[in-house]
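Residue-level structural notes
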Amino acid sequence: MGPVLSRLLAIDDRRFWLGFGAVGILLLAVVPSLNALPAGHALNVPDYAVTLLGKYLCYALLALSLDLVWGFAGVLSLGHGAFFALGGYAMGMYMMRSIGGRGVYGHATLPDFMVFLNWQELPWYWMGFDSFWFAAAMVVAVPAGLAFVVGWLAFRSRITGVYLSIITQAMTYALMLAFFRNEMGFGGNNGLTDFKELLGFDLSRPGVKLGLYTASAVMLGVAFLVCRFIVGSKLGRVLMAIRDAESRVRFLGYSATAVKLFAFVISAVLAGIAGALYVPQVGIINPSEFSPANSIEVAIWVAVGGRGTLLGPVLGAFAVNGAKTWLTGAAPELWLFALGGLFIVVTLLMPKGIVGLAAQARERLRGRPVPLIEEKRNA
Amino acid sequence: MLDDRPAQGSILYLDGVTVSFDGFKALNELSLIVAPGEMRTVIGPNGAGKTTMMDVITGKTRPDKGDVLFDGSVDLTRLDEAQIANLGIGRKFQKPTVFEMLTVAENLELALKCDRGTLATLFFMATSEQRDRVAAVLGTIGLRDRASLPAGRLSHGQKQWLEIGMLLMQDQRVLLLDEPVAGMTDAETEQTAELLLEIARDRSVVVVEHDMEFVRRLGARVTVLHEGSVLAEGPLETVQNDHRVIEVYLGR
Ligand SMILES: Nc1ncnc2c1ncn2[C@@H]1O[C@H](COP(=O)(O)OP(=O)(O)OP(=O)(O)O)[C@@H](O)[C@H]1O
Ligand SMILES: [Mg+2]
């Protein structure tokens, strides 16, 4: 593992580590310190802002996961919201079960909605979710399993481009309809909510919220390094080769099916983890998370930030969601128009997103022509 | 002469291969045998089926009927492109296809002969021999000073060479080259001919080409395709004097 570890750390890339370290300090030291300041203080970061940032970090992780398959392998999944929601439901099921007898109906094992539906016992697929580690394993395994099956069927039949996007939209839509049904046993329309604690920590306490925020920041950092390792490896170059000329890759002896499947499954796992971190912070998961529009929105974050770069999706998720938070406060009826307009502007005027614009500006300052290719490959 | 196991001892064996596209027969009962170590040139008018023949050998196109065997016994019609590539058959496309976003050296690295499994590729670290190999091939194809340039920036002729370099990296037993000198200058064509003759010393090479000067330079046995089947086969002089060949191809 020696050389692998050294490549994971890629110590020689000083600029990257300086940037990575600076963002890490900002998220893990500066924000918590400012949050600790007394409420009236000018620099105080209020608790609600910490949770809001935590949500954005989960969105950034989701965007990063989509970029791994879309930006690098050219597989535009418009169903990543489904992996996110499945991870969220798995975590939600654990938190429902840990409510125990403290629910409104006071039943020792059955969540409130099941008592309400007159169910007598826990469905088999809710077994095990009283254990955090079992739930954590499901957060990974369920999205991975779904991605494996859907990916295997689609990639093996060489379904690419818009057809693949449509299939993934259909996948998330079908799941949405299924989860809306009360008989499915996931709380139907209302989903899962009224969570009380996670691993014994009271979710209403500010310190626990800060902890969830911190976990999201750490997870995003880890995922970023994992993606950086994949993208920087020879497999990453095979992914980019598939994006540019898939059939040629096969003639070199690589199974494009297996390579894309690998990336798709890793990507789904990251999306699932993002969902699992998101749900305890917002306090609810319901079937609308599966809505096809949600998945499309994720693609917009990636496009705005700059696909095919690792930094792009993170920036895009923060920028678009920051704008959304602001605009839905100021003029909620305008948000959908703004999102649509943004997508058109980005597609037409900045095909490489914010990251591409920044690189372009830097080159302009130096008076050199814009390289069309190199910057796309750097994080 | 045909015995009861006609494929024995051949490296490529095609017999009665037919491919039709919407009723149009791109290959019509095509039969062709290439011996190990042999160099073969294939000529024929546009639409004769030369590229389709390569598609069939490399698993891109499944024939409607006919046998396609590698090494006397391996049925290529049951394998996919990646499996056939890993068996030892490499291909250069008519339209040069290199990975434009990757650098020249990275293109060669992807072609490198090694374990191409997904995890092996993820954890791949080039050994010093493998790096030397990339450097050597960069020298052979004359692109050493372009090594870290994105392949998309190369000229047409340089892309052709990069593709040949990728074939060298793969170290295949059979090379199929579809119009390798299209778009090259005379000097480049001559260099390519020398390179191919060098390469052909220890493997089988099938070259499709329209450039008769180049075909003459290679000095190999020639197969003439016409309307999906073999019209004539033999040394270039014989083929050139065949009146049917003159009629359909050379005399145009
Ligand atoms: N996928 C396809 N679908 C329909 N027709 C095809 C397809 N591929 C090839 N053909 C047709 O089959 C015939 C043989 O094509 P092929 O490309 O093999 O010719 P070629 O000998 O390589 O010609 P050229 O010298 O122009 O490269 C042509 O008429 C072509 O239009
Ligand atoms: Mg052709």
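Since the structure is predicted, the reported quantities are computational estimates derived from the model, not experimental observations. (Residues numbered from 1 in each chain as written. Chains lettered and ligands numbered in written order. Predicted model: local features only at pLDDT ≥ 70, side-chain atom pairs only at ≥ 80, totals over all residues.)

1. Concerning the overall build of chain B
Within chain B, the secondary structure is distributed over ten helices and ten strands. Expressed along its principal axes, the backbone C-alpha trace of chain B runs to roughly 50 × 40 × 35 Å. Going through the 252 residues of chain B one by one, you find that 47% of them count as buried. Put simply, 66% of the contacts in chain B that link residues at least 6 apart link residues at least 24 apart. (Helix = DSSP H or I, 4+ residues; strand = E, 2+ residues; numbered from the N terminus. Buried ≥ 20, exposed ≤ 12 C-beta atoms within 10 Å, placed from the backbone. Contact = placed C-beta atoms within 7 Å.)

2. Considerations on the overall build of chain A
Each helix and strand counted, chain A has 15 helices and four strands in total. Relative to a compact globule of 379 residues, whose C-alpha radius of gyration would be 21 Å, chain A shows 21 Å and is just as compact. When the 379 residues of chain A are sorted by exposure, 41% land in the buried category. Considering only contacts in chain A between residues 6 or more positions apart, those separated by 24 or more positions represent 76%. (Rg over C-alpha atoms; globule rule 2.2 N^0.38 Å.)

3. Structural notes on the site of ligand 1
Residues and elements named next belong to chain B. Taken together, Phe21, Ala26, Gly44, Asn46, Gly47, Ala48, Gly49, Lys50, Thr51, Thr52 and Gln94 make up the full set of residues adjacent to ligand 1. Broken down by element, the shell around ligand 1 gets its largest block of residues, three residues, from helix α1 (residues 50-57). Residue composition of the shell around ligand 1, grouped by class: three nonpolar, seven polar and one charged. (Near = placed C-beta within 6 Å. Nonpolar A, V, L, I, M, F, W, Y, C, P; charged D, E, K, R; others polar.)

4. A short note on helix α8 (residues 206-232) of chain A
All names here are of chain A. With 27 residues, α8 ought to run about 39 Å at 1.5 Å a step, and its terminal C-alpha atoms sit 39 Å apart, in line with that. Along α8, the residues classified as buried are Lys209, Leu212, Tyr213, Ser216, Ala217, Leu220, Ala223, Phe224, Cys227 and Val231. If you follow the buried residues of α8, they end up packed against α2 (14-36), α3 (47-70), α9 (234-251) and α10 (256-282). (Expected span 1.5 Å × (residues − 1).)

5. Section: the interface of chain B and chain A
Each partner contributes to the interface: chain B provides 25 residues, whereas chain A provides 25 residues. For the side of chain B that touches chain A, the secondary structure elements donating two or more residues are α2 (81-87), α3 (104-111) and α4 (118-122) of chain B. Considering only residue class, the side of chain B that touches chain A consists of twelve nonpolar, seven polar and six charged.

6. Here's the deal with the packing of α2(A) against α8(A)
Residues and elements named next belong to chain A. For the pair α2 and α8, the least separation of the axes is 10 Å and the interaxial angle reads 170°. In terms of orientation, α2 lies roughly antiparallel with respect to α8. In this structure, α2 uses Gly24, Leu27, Leu28, Pro32 and Asn35 to contact α8, whose residues at the interface are Leu210, Thr214, Ala217 and Gly221. Counted by class, the contact of α2 with α8 contains five nonpolar, four polar and no charged residues. (Axes fitted to C-alpha atoms, helices over the stretch in contact; angles between N-to-C directions. Parallel < 35°, antiparallel > 145°, perpendicular 65-115°, else oblique.)

7. Considering the sheet that holds strand β1 (residues 12-21) of chain B
Strands in a sheet are paired, the pairing made by backbone hydrogen bonds, and the direction either parallel or antiparallel. Residues and elements named next belong to chain B. A sheet is described by the order of its strands in space; here four strands give the open sequence β2-β1-β4-β5, paired in antiparallel fashion. The open sheet has two edge strands with one neighbour each: β2 (24-34) and β5 (74-75). Along the sheet, α1 makes contact with β1, β2 and β4 (65-70), crossing β2 at roughly 65°. (Pairing = 2+ DSSP bridges.)

8. Some remarks on α3(A)
End to end, α3(A) covers 35 Å across 24 residues, agreeing with the expected 34 Å (1.5 Å per residue, within 8%). Among the 24 residues of α3(A), 18 are classified as buried, and the element is accordingly described as predominantly covered.

9. Some words on the confidence of the model for chain B
Residue and element names in this part refer to chain B. Averaged over all residues, the pLDDT of chain B equals 92, while 97% of them reach at least 70. Mean pLDDT values for the elements of chain B range from 85 in helix α10 (residues 243-250) up to 97 in α1. Listed scores for the predicted complex are pTM 0.91 and ipTM 0.88. (pLDDT = per-residue confidence, 0-100.)

10. Examining the sheet that holds strand β10 (residues 229-234) of chain B
Residues and elements named next belong to chain B. Sheet architecture is open: six strands sit in the order β6-β7-β8-β3-β9-β10, paired in mixed fashion. Either end of the sheet is taken by a strand with one partner, and the two such strands are β6 (89-92) and β10. Taking the axes of each pair of neighbouring strands and ignoring which way they run, one obtains an average angle of 20° across the sheet. Pairing of strand β3 (residues 39-43) with strand β8 (residues 204-208) involves four bridges; the strand directions are parallel. Bridge pairing in β8 places Thr41 opposite Val207. Across the face of the sheet, helix α6 (residues 156-170) comes into contact with β6 and β7 (174-178) while running at roughly 170° to β6.

11. What about unusual backbone geometry?
Unlike most non-glycine residues, A:Asn118 shows phi in positive territory, near 70°. With respect to the secondary-structure elements, A:Asn118 resides in the loop between α5 (112-116) and α6 (132-156). What makes A:Asn118 exposed here is the crowd of 6 C-beta atoms within 10 Å. The backbone of B:Asp71 sits at a positive phi, close to 60°, despite the residue not being glycine. Along the polypeptide, B:Asp71 turns up in the loop between β4 and β5.

12. With respect to the packing of helix α5 (residues 128-140) of chain B against α6(B)
Residues and elements named next belong to chain B. Closest axis-to-axis distance for the α5/α6 pair is 10 Å, and the angle between their directions is 145°. The interaxial crossing formed by α5 with α6 has right-handed handedness. Residues Arg133, Val137 and Thr140 of α5 touch α6, and the partners they reach there are Gly165, Leu168 and Met169. In the contact of α5 with α6, the residues fall into three nonpolar, two polar and one charged. (Left-handed = near helix turned anticlockwise from the far one by under 90°.)

13. Focus on the pairing of strand β9 (residues 221-226) of chain B
Residues and elements named next belong to chain B. Within β9, five of the six residues are buried, leaving the element largely enclosed by the surrounding structure. Direction of pairing for β3 relative to β9: parallel, over a ladder of four bridges. Across the sheet, residue Arg40 finds its bridge partner in β9, namely Arg221. Sheet analysis places β9 next to β10, joined by five bridges and oriented antiparallel. The partner of His226 across the bridge, within β10, is Ser229. What sits between β9 and β10 in their antiparallel hairpin is a turn of two residues, with Glu227 showing a positive phi close to 50°.

14. A closer look at the environment of B:Asp115
All names here are of chain B. The residue Asp115 is located in the loop between α3 and α4 in this model. A residue is classified by how many C-beta atoms lie within 10 Å of it, and Asp115, with 11 of them, is exposed. C-alpha separation for the pair Asp115 and Asn86, spaced 29 residues apart in sequence, amounts to 9.3 Å.

15. Focus on the nonpolar core
One broad trend across soluble globular proteins is that nonpolar side chains are buried collectively. Residues and elements named next belong to chain A. Residues Ala60, Leu61, Leu62, Ala63, Leu64 and Ala274 are the most contacted members of the largest nonpolar core, which totals 172 residues. Examining the composition of this core, we find that 17 residues originate from one element, α10, more than from any other. Residues contacting Leu64, with those up to four places away along its chain left out, are Ala223, Phe224, Cys227, Leu270, Leu310, Pro313 and Val314. (Core = buried A, V, L, I, M, F, W, Y, C linked by C-beta atoms within 7 Å.)

16. Focus: the confidence of the model for chain A
Fine structural detail should not be taken from predicted coordinates in areas where pLDDT scores are low. When the pLDDT values of chain A are averaged, the result is 91; 93% of them are 70 or greater. The low-confidence segment residues 370-379 of chain A (pLDDT under 50) makes 18 contacts with residues lying over four places distant or belonging to another chain.

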